[in-house]
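# Working through the structure, step by step
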Amino acid sequence: IIPDSLVSFSQHLQPVFEVKCISCHDDNTKAGGLSLTTWSSTTADGRVVVPFFPNNSIIVLCVEADPSSPVMPPVGSPYRPFTPNQAKGLRNWIEEGALNN
């Protein structure tokens, strides 16, 4: 369970990415040009993660199934969508500055 504050990339989000995202967004495959294997790769494209601004972060829009963005994980993939707790954790991590923690 991801806490409501002091969200850690390495402790809380990276394990979720490893289960739900890495098969397509690893350093070799980079689906959509994105690797989620490390904090550096996750934050490399300033549009994917916009520190302090989750509503402007493509990763949040995709995970929350915003109509303006592709749904991630894709519908029909073997991976389950983020749980409400995981989506909120991602949003909170970005609101807290998207720290390398």
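Reading guide: rules and limits
- Residues numbered from 1 in each chain as written.
- Predicted model: local features only at pLDDT ≥ 70, side-chain atom pairs only at ≥ 80, totals over all residues.
- Heavy atoms only, no water.
- Disulfide = S-S within 2.5 Å.
- Buried < 20%, exposed > 50% of the residue type's maximum accessible area, 1.4 Å probe, protein only.
- Phe/Tyr/Trp six-rings, centres within 6.5 Å; stacked < 30°, edge-to-face > 60°.
- Salt bridge = Lys/Arg side-chain N within 4 Å of Asp/Glu carboxyl O.
- Helix = DSSP H or I, 4+ residues; strand = E, 2+ residues; numbered from the N terminus.
- Contact = heavy atoms within 4.5 Å.
- Expected span 1.5 Å × (residues − 1).

### Things to note about the state of the cysteines
Taken as a whole, this structure holds zero disulfides when the rule is applied. Among the cysteines around Cys-24, which has no disulfide bond, Cys-21 carries the closest sulfur, lying 8.8 Å off. Of all cysteine sulfurs, the one in Cys-21 lies closest to Cys-62, which takes part in no disulfide; the gap is 10 Å. Exposure remark for Cys-62: the relative accessible area of 8% places this residue in the buried category.

### Section: the packing of aromatic side chains
Scanning the entire structure with this criterion turns up three aromatic pairs. Where Phe-9 meets Phe-17, the ring centres are 6.0 Å apart and the plane angle is 65°; that geometry is what we call edge-to-face. The buried category is assigned to Phe-9, whose relative accessible area is 3%. Residue Phe-17 is classed as buried on the basis of its relative accessible area, which comes to 0%.

### Considerations on the pattern of salt bridges
If you walk through the whole model with that rule in mind, you get three salt bridges. As a salt-bridge pair, Arg-47 and Asp-45 come within 2.7 Å of each other at their nearest N and O atoms. Classification of Arg-47 as exposed rests on a relative accessible area of 54%.

### A short note on the side chain of Ser-8
Structurally, the position occupied by Ser-8 is in the segment before α1 (9-20). Take Ser-8: its relative accessible area is 7%, and that puts it in the buried class. Once residues lying within four places of it in the same chain are set aside, the contact partners of Ser-8 are Leu-13 and Asn-101.

### Thoughts on helix α4 (residues 84-95)
An ideal rise of 1.5 Å per residue puts 16 Å on twelve residues; α4 measures up with 16 Å between its terminal C-alpha atoms. Within α4, the full set of buried residues consists of Gln-86, Ala-87, Gly-89, Leu-90, Arg-91, Asn-92, Trp-93 and Ile-94. Against the buried residues of α4 lie α1, α2 (39-43) and α3 (58-63). Positioned one or two residues after α4, Gly-97 has a phi angle of 110°, which is positive.

### Here we look at the environment of Leu-99
Relative to the elements of secondary structure, Leu-99 occurs in the segment after α4. Of the residues examined, Leu-99 reaches a relative accessible area of 46% and is grouped as partly exposed. Through-space distance from the C-alpha of Leu-99 to that of Trp-39 is 8.4 Å; in sequence the pair is 60 residues apart. Apart from the residues lying within four places of it in its own chain, the contact partners of Leu-99 are Phe-9, Trp-39 and Trp-93.

### Focus: unusual backbone geometry
Cis rather than trans, the peptide bond between Met-72 and Pro-73 has omega equal to -15°. Structurally, the position occupied by Pro-73 is in the loop between α3 and α4. Not every positive phi belongs to a glycine, and Phe-52 is a case in point at roughly 75°. Looking at the element boundaries, Phe-52 is found in the loop between α2 and α3. Relative accessible area serves as the criterion here: at 52%, Phe-52 is assigned to the exposed category. Not every positive phi belongs to a glycine, and Ala-98 is a case in point at roughly 55°.

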